[in-house]
Amino acid sequence: MAPLACVLYLSIENESFNETSLKHLVYKAQEENKNHGITGFLYYKQNHFFQYLEGAPDDVNTLLENLKKDT
Ligand SMILES: Cc1cc2nc3c(=O)[nH]c(=O)nc-3n(C[C@H](O)[C@H](O)[C@H](O)COP(=O)(O)O)c2cc1C
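Below, the structure is looked at part by part. The model shown is predicted, which means the values in this text are computed figures rather than measured ones. (Residues numbered from 1 in each chain as written. Predicted model: local features only at pLDDT ≥ 70, side-chain atom pairs only at ≥ 80, totals over all residues. Heavy atoms only, no water.)

## Points about the site of the ligand
Residues in contact with the ligand amount to 13 residues; listed here are only the nearest, K28, E32, N33, Q51 and D70. With respect to the ligand, the side chain of K28 contributes an N or O atom lying 2.9 Å from an oxygen atom. N33 is positioned such that a nitrogen or oxygen atom in its side chain is 2.7 Å from a nitrogen atom of the ligand. Across the complex, the protein chains shield 68% of the 630 Å² of accessible surface that the ligand would expose by itself. For the shell around the ligand, the secondary structure elements donating two or more residues are helix 1 (19-35), strand 3 (48-55) and helix 2 (57-69). Broken down by element, the residue count for the shell around the ligand peaks at 5 residues, all from helix 1. (Near = heavy atom within 4 Å. Polar contact = N/O pair within 3.5 Å; in protein donor to acceptor, adjacent residues only side chain to side chain. Areas by Shrake-Rupley, 256 points an atom, 1.4 Å probe, with all protein chains shown as cover. Helix = DSSP H or I, 4+ residues; strand = E, 2+ residues; numbered from the N terminus.)

## Details of the packing of aromatic side chains
Scanning the entire structure with this criterion turns up 4 aromatic pairs. Look at F17 and F49: their rings are 5.1 Å apart centre to centre, the planes differ by 85°, and that puts the pair in the edge-to-face class. With a gap of 32 residues between them, F17 in the loop between strand 1 (5-12) and helix 1 and F49 in strand 3 connect regions that are remote in the sequence. Take F17: its relative accessible area is 23%, and that puts it in the partly exposed class. Taking relative accessible area as the criterion, F49 reaches 7% and is therefore assigned buried. Look at F41 and F50: their rings are 5.9 Å apart centre to centre, the planes differ by 55°, and that puts the pair in the tilted class. With a relative accessible area of 40%, F41 lands in the partly exposed category. Accessibility expressed as a relative area gives 31% for F50, which makes it partly exposed. (Phe/Tyr/Trp six-rings, centres within 6.5 Å; stacked < 30°, edge-to-face > 60°. Buried < 20%, exposed > 50% of the residue type's maximum accessible area, 1.4 Å probe, protein only.)

## Side note on a nonpolar patch on the surface
Where nonpolar side chains cluster on the molecular surface, the patch consists of L8, L10, F41, Y43 and F50 and spans about 520 Å² of accessible area. Those elements giving two or more residues to the nonpolar patch turn out to be strand 1 and strand 2 (39-45). Looking at where Y43 falls in the secondary structure, it is placed in strand 2. (Patch = residues over 30% accessible without salt bridge, like charges linked within 9 Å, V, L, I, M, F, W, Y side chains within 5 Å. Salt bridge = Lys/Arg side-chain N within 4 Å of Asp/Glu carboxyl O.)

If you want it as structure tokens, here you go:
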């Protein structure tokens, strides 16, 4: 069985998200994650994001680095 990596984090938004920008974020994330075989969930409530991600270690690490850089 191929190794899997997972990450779970909580983050507070820096800029205000509305329904449109949230949808845009989710569609982009779904498309990118599908391309890299990453699955998980993204939960948003009261300016907080709670996300779980799972996939091949290299892909999860690359995404995690992108998320860390994301303002
Ligand atoms: C809360 C949050 C969750 C995100 N989740 C994902 C994700 O699961 N997959 C993904 O590819 N990008 C996700 N992103 C977007 C990345 O952080 C980043 O903006 C994107 O990879 C950069 O793409 P670009 O360099 O083409 O602008 C998320 C962004 C935020 C703010």
